[in-house]
Structures are given as structure tokens and as C-alpha cells.
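Residue-level structure breakdown
Listed below, chain by chain, are the residues.
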Amino acid sequence: MTRPDLLALTPDALAALANRGLVKRAVKELDAGVVPVLDTDAAGAVQGKFPDGTTTTLPPGVALDAAGCSCGAAGVCRHRIAVVLAYQRTQEASAPAELWSPGSVPDADLVALMGERTLRRARRAHQAGYRAKLRRPTAQDQTAQAELPTCTVTFLVPGDLSYVHTDAVNKDEATALAVWAFREADEQGTDTVDVGGSPTTATDLTAVTDLLDQLLLDGATNASEVLDVAWQRLHRDLTAQRLHWPAAVITDLLAQLAAYRGRSADYEAERFAALLTELHARTTATGPRAEILGPDEPAETPLKRVRLTALGARLRAENAADVYFASGDVVLVQRDTPLRTGQRLAASNVVSESATRSASRAVTLKTSRVAKTSLTPVGTAWDHLPQALVIDDYEAAAAHLAELPPRQVRARVEAELVRAIRVAEVSDLAYDPAAQRLTATLHGPTGTTCLLESNHRAVAPQALDALTMALRAGPTTITGTVRRHRGTLVVDPLAVLTPTGVVVLDLATDTTPQPLSPGTTASDSLSATVDSALTVLAEAAHRGLDHLTDSLLTRAREVGAHLHKAGLRTAAAHVTAFADAPAATTWLAAHLRLLVTADAR
């Protein structure tokens, strides 16, 4: 009897069930002649007897970590992996199997796998609604994957739910949600799907609107601390309703108000204004609940076992950094990581059983002595990143960014646009001393080009010198946040892979000043016009609409005229309407239009 499930387990699938080190060790031992004697009984159970007396049995329909092995190891050991690999070597290569979708799994099979009680819990999550991004099997890779709001589910063997891998503790519930996501996507013929729930947001958010209007009328300069109590109460209510995205906006708004009152440099009028407009957009837009207001998931979900590849870090303060990790097809970020811990994590492969993940893709890793977390150098892991996180064709990536919905109503996930950019060549390296900006042209493997831009930041004084050295060393991959400007992909780098290893720019030390050719930033009158209008409206929100001056309204009319002259007539009409009749409604309409226009440049 042939075991197609064992034949379908690729080295990557085995690494997902165990780790890549165990797979490499098993391969090495097999190549060295330490080969188990195999026997398959009538029921299909494959038994392997090793020269040292260890016996491993892999029954059909039993997950690899639940199979018996006399070595006594908990979970997937090298013996189980070696039996799978040895069995594959004894079988003739077969024709590729027909491509399979997890959506074809009936609910009866889910009940048999997990029981009706677990399936009822999954149905409640389904009724609330969620968004899933799917990767379907191909002839080269038979695995199927669903990216859910708080975990990733991978079907490693076509048609066999015994081989499902997920980093969530509630594996069965996540499996059911992934199956239903594929089922919905199969009907719609798409790979990103909103599953269950209501097609529109039907939540009463009047309390948000009332407080928002009051804050906009008062402005940051006159906002009463008494009103903060109402905001905090509203935040608790939204969190209890699992409206994660509006709750997150309120958290950021309160942080901006605290920074202003504390005379902190963290306060930015433009940021404060953008948060006000985002909150308005999320409370008035209609569309998928999971996208606009947040998935009906807990604020944090514990992960059973997570494998992460660090993609670099960004210093936010002198002693705190945001560290970015690749986890399957998405990027997670650990915010405000202590600097010493961040230096250890920022260029490491991490395996942890003491991690939690939020709906916004923030991850918390515990690295204390009692926590089950291990770190190894990142090595060549960037060469094996999932294709969803890799950019080879810069023009295609820019086109994809152009198709995204406005960020004011997109899912409010962290590190949404952090990617790994493959690089064939670097040219036109220059520094603009006026803007304190380093620029370069990146040439991709497909012949396309994009722009790299990195601004000097006082918190990371050696980052630009480290970036210059790395770009001159022949980099092969650069990680960073991507955006689109005038149809061109622009990269703000986090780390660079050179022939000598990974350079985490913000954490670089002991660099030497690098000579650079002088350069200037190309002027963009349209962008400057939009930025001027945003600045004027941000100042209005900062002062408060009840405290505007005639000079500010005159400036608003002037920028409205400039927008009209530049051809942005709709934006101009909104700005002029605000200048003529200052009110929360006219300000929000004008500012939202400008933000969307700025993102579409």
C-alpha cells in the first residue's frame, strides 16, 4: 500500500512541522548510510528500524508529531523525518497530483476531526466575519495557505487534514476558518476574501462621532484633559466589541495629546490631523467589517510555536526599537523593544513558544530565561523568504500598491508594506545635504528600477553611513517599507544583506564617514502643493476650528487656488468650502480628500 501523504511532504513541509535543522540532520545521516529498515503493513503503517535500535511507526491518518517513536522525543524528531525521507527514496516518482483546494473539505470531515463543540466556536467567528488572504497550490508547491487575522494556516498534504500546520494554539478552530475561507474564495474566484459576517458595517458609532467633532473644534491646543476620560471609556467599549481599528486610532490620538501637553517631540500636527480623519473615515465608511473596523478576534492570541526571520529594526527612541519579522507570508513587528533585546533579535532566526500575536500583526516575544525562545543567526534565511514578501519586479509591485484601497479604511495592520527587495545593481548613490537624504537607484533582477530613499534621523546618527557602506558592498537583498510615488516604487530601507552578512542600519555602530556625491531631490510642484494644503489643514486641527484666525483661513483659500491651478479641482473645491464655512464636516471632507490624493501620487 502506497502512502501518498508521506510522498507529498516536501523538505519545506517537514521543516514547518519540525525545523530546518532537524531536516538537514536527517538528510545528512541518510546520505552517510544511517538508513532505517522499512516495512509497510497491510493497513499502510510505515515502520522504520534504525541501526541503533530505535523504532518509528507512521500510521496513516495520524499527524507526524503523534506518530510513535521509541526515542521518546516529544513532537517531531529526526527519526520520524528520516523515515519519511527514506520512504520517499524507495518510491518511484509519480505524476503530479491534481491541484486541490481545502475548500473541498466538507463540514462532516471537520466534525470528525475536531468535534461539534470546537466547530461551534469556529462558526461563531465565521458569523462575526473575517478577512483571509490565500495562497493556492501549484504544480511546483502543493501546499495551500490561508493568512487569517491572527494566525497562518498551511495545508501541507493535499486532502489530508492530519498535516495542517498553524502557529495558533487553537489549531482546529483555525483550520475550520481556513477551510471556509478557501470555500468562499473558490466560489468567488479570488484569493483575498471576506468570509461570513455582514457585508457592511452596521455598528452604531455615534459616540465616536460626537467626541471626534468636539476634539476637532477644540484642537490639540485647547483639548481638555477631562475629555480624555470619555475617550478612555470609549476605547474600553470599542475594545470590548472587538472594534480593534477605531480603538487603535483612539490610542494613538491620546498619545499625541499627551505628547503635546508634555512638550514632547513625538507630537506632530500632521499626524494628529491624520488620526482625526482616519477615525472619521472608519466610523462612516461601509464595507467589510474586518477591513474597516477590525476582525471579531481577541486583541491578542497566544501562539503555540512560531518561527520568525528578522528583517531588521527601526529605532523609535534612544533605547527602544521596532523589530520586524517574517512569519509565513506576512510581516510581524514587536514594538518598543528594549535596545539590548532588539540588537539580539534584529538579525536572528527566532523560534518561540512564548509569543502572542495581535489582530494588527504586532507580536510579543518573551526572551527571559524561563521563556521557550531560541535565537540563531539569520544566515541565508533571506534567500528562502516566502514569495509574497519578496519583490523582484519593481513595476509590478508599484502597480499592486496603486490598486490598494485608501489606507484610512484598510485593515490597520502593522508593517503592512515591509518587503524584501531583490537587488542586482545599485547606481546613482547621492546625498542631498539640504534634505539630509540619501538616495540611490536600485536595479532589479527583471531589469526594472526603483528609488531608495533614507532620511537622516537623530536617533540613529550612523545609519546613513552604514547604508552607504552596505550599498557599495554589492547588496543582494534590501528590506524596508515600500510606497509608490508618481508610479515609481520607493523603498525606505531597514536592513541590507551583503556578501558579509546582514547590516541592520539603525543599530549600526563603529561606522566611518562615507564620501558621497552631492545630489538634490527632484522638485515636484504638485506634491508640494498638496503638502502645503495638508499643512494648513493640520494647523487648523491643531488650533481647533473654534479658534481659527482670519490669516489661517486666507491661507486655506490660497492653497485652494493653487490646487485648482494644479488641476486638482475636487480637492480645491473641498478646501475652499472649508475656508468659506469652517466646520467639522467641511474640514473632514477636505482633509480626507487631500490624504487620499497624497497617497495616490
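Now for a look at the structure at hand. (Residues numbered from 1 in each chain as written. Predicted model: local features only at pLDDT ≥ 70, side-chain atom pairs only at ≥ 80, totals over all residues. Heavy atoms only, no water.)

All right, on to the overall build of the protein chain then. When you go through the protein chain residue by residue, the secondary structure sums to 19 helices and 26 strands. Relative to the compact-globule value of 25 Å for 601 residues, the protein chain shows a C-alpha radius of gyration of 27 Å, a close match. Along the first, second and third principal axes, the C-alpha set of the protein chain runs to 90 × 60 × 45 Å. Split into buried and exposed, the 601 residues of the protein chain put 49% on the buried side. Within the protein chain, contacts between residues at least 6 apart in sequence are counted, and of these 65% link residues at least 24 apart. Accessible surface for the protein chain amounts to roughly 27,200 Å². Of this, 51% is attributable to carbon and sulfur atoms. Looking at charge distribution, the protein chain has the averaged site of its 59 positive side-chain charges lying 4 Å from that of its 68 negative ones. (Helix = DSSP H or I, 4+ residues; strand = E, 2+ residues; numbered from the N terminus. Rg over C-alpha atoms; globule rule 2.2 N^0.38 Å. Buried < 20%, exposed > 50% of the residue type's maximum accessible area, 1.4 Å probe, protein only. Contact = heavy atoms within 4.5 Å. Areas by Shrake-Rupley, 256 points an atom, 1.4 Å probe, with all protein chains shown as cover. Lys, Arg positive; Asp, Glu negative; His and termini not counted. Charge placed at Lys NZ, Arg CZ, Asp CG, Glu CD.)

Taking 1.5 Å of rise per residue, 17 residues should cover 24 Å, and helix α8 (residues 206–222) covers 23 Å from first to last C-alpha, within 8% of that figure. Considering bend angle alone, the principal kink of α8 is centred on L216 and spans about 55°. Inspection of α8 places V208, L211, L212, L215, L216, D218, G219 and A220 among the buried residues, and these make up the whole buried set. Contact partners of the buried residues in α8: α9 (225–240), α10 (244–261), α11 (269–284), α16 (525–543) and α19 (584–599). (Expected span 1.5 Å × (residues − 1). Bend = angle between axes of the 7 residues up to and from the residue.)

Within the open sheet, the five strands sit side by side as β8-β7-β6-β5-β9. Their pairing is antiparallel. Two strands in the sheet have a free side with no partner beyond their single neighbour: β8 (164–166) and β9 (192–195). Strand-to-strand twist of the sheet, defined as the mean angle between neighbouring strand axes without regard to direction, takes the value 20°. By the bridge criterion, three bridges tie strand β7 (residues 152–155) to β8 in an arrangement that is antiparallel. Bridge pairing in β8 links V153 to T166. (Pairing = 2+ DSSP bridges. Axes fitted to C-alpha atoms, helices over the stretch in contact; angles between N-to-C directions.)

Viewed as axis vectors pointing N to C, α8 and α9 meet at an angle of 150°, and their least axial separation amounts to 11 Å. In terms of axis orientation, α8 runs roughly antiparallel to α9. Crossing of α8 against α9: the hand is left-handed. On the side of α8, the interface is formed by A207, V208, L211, L212, Q214 and L215, while α9 contributes L227, A230, W231, L234 and L238. Here the residues of the contact of α8 with α9 are counted per class, giving 10 nonpolar, one polar and no charged. (Parallel < 35°, antiparallel > 145°, perpendicular 65-115°, else oblique. Left-handed = near helix turned anticlockwise from the far one by under 90°. Nonpolar A, V, L, I, M, F, W, Y, C, P; charged D, E, K, R; others polar.)

In this model, helix α3 (residues 20–31) (12 residues) spans 17 Å end to end at C-alpha, consistent with the 16 Å of a helix rising 1.5 Å per residue. Of all the positions in α3, only V23, A26 and L30 are classed as buried. The arc enclosing the buried residues of α3, seen along the axis, measures out at 65°, which places them on a common side. Exposed residues lying more than 90 degrees from the buried face of α3 are K24, K28 and D31. The inward-facing, buried residues of α3 contact α2 (11–17) and α4 (78–90). G33 sits one or two residues past α3 and shows a positive phi near 100°. (Arc of directions from axis to C-beta.)

The next thing to look at is the packing of aromatic side chains. Here the structure, examined in full by the defined rule, presents four aromatic pairs. For the pair Y267 and F272, a centre-to-centre distance of 6.2 Å together with 50° between the ring planes defines the contact as tilted. In this structure, Y267 and F272 share a single accessibility class: buried. (Phe/Tyr/Trp six-rings, centres within 6.5 Å; stacked < 30°, edge-to-face > 60°.)

We now examine the sheet that holds strand β13 (residues 330–338). One open sheet holds the five strands; their spatial order is β13-β12-β11-β14-β17, and the pairing between them is antiparallel. Here the strands that pair on one side only, and so sit at the sheet edges, are β13 and β17 (373–377). Sheet twist, expressed as the mean angle between neighbouring strand axes with direction ignored, is 30°.

For soluble globular proteins, nonpolar side chains are generally found buried alongside one another. Within the largest apolar cluster, 64 residues are counted, with the highest numbers of intra-cluster contacts made by L311, Y324, F325, L365, Y394, V482 and L489. Of all hydrophobic cores here, the second largest spans 60 residues; its members include L212, V530, A540 and A556. (Core = buried A, V, L, I, M, F, W, Y, C linked by side-chain atoms within 4.5 Å.)

This part takes up the side chain of H79. Relative to the assigned elements, H79 resides in helix α4. Classification of H79 as buried rests on a relative accessible area of 6%. In this view, H79 contacts F50, D52, T54, T56, C69 and C71; residues no more than four positions away in its chain are not counted.

Moving on to the layout of surface pockets. Roughly 1,500 Å³ of volume is contained in the second largest pocket. Lining the second largest pocket we find 42 residues, and of these D12, A15, R20, R307 and H384 sit closest to its centre. For the lining of the second largest pocket, the secondary-structure elements that each account for two or more residues are α2, α3, β7, β8, β11 (306–317), β12 (320–327), β14 (348–352) and β17. Its residues assigned to classes, the lining of the second largest pocket shows 14 nonpolar, 18 polar and 10 charged. (1 Å grid on protein atoms, 1.4 Å probe; cavity = no way out; pocket = protein on both sides within 12 Å on 5 of 7 lines; lining within 4 Å. Points joined across faces, edges and corners; volume = space filled by probe spheres on them.)

Time to look at the side chain of N349. Mapping N349 onto the fold places it in strand β14. In this structure the side chain of N349 is engaged in a polar contact, spanning 3.3 Å, whose partner is the side chain of T309. Within polar-contact distance, the side chain of N349 engages the backbone oxygen of V378 at 3.3 Å. Those residues in contact with N349, other than ones at most four positions away along the chain, are L308, T309, S374, L375, T376, P377, V378 and A381. (Polar contact = N/O pair within 3.5 Å; in protein donor to acceptor, adjacent residues only side chain to side chain.)

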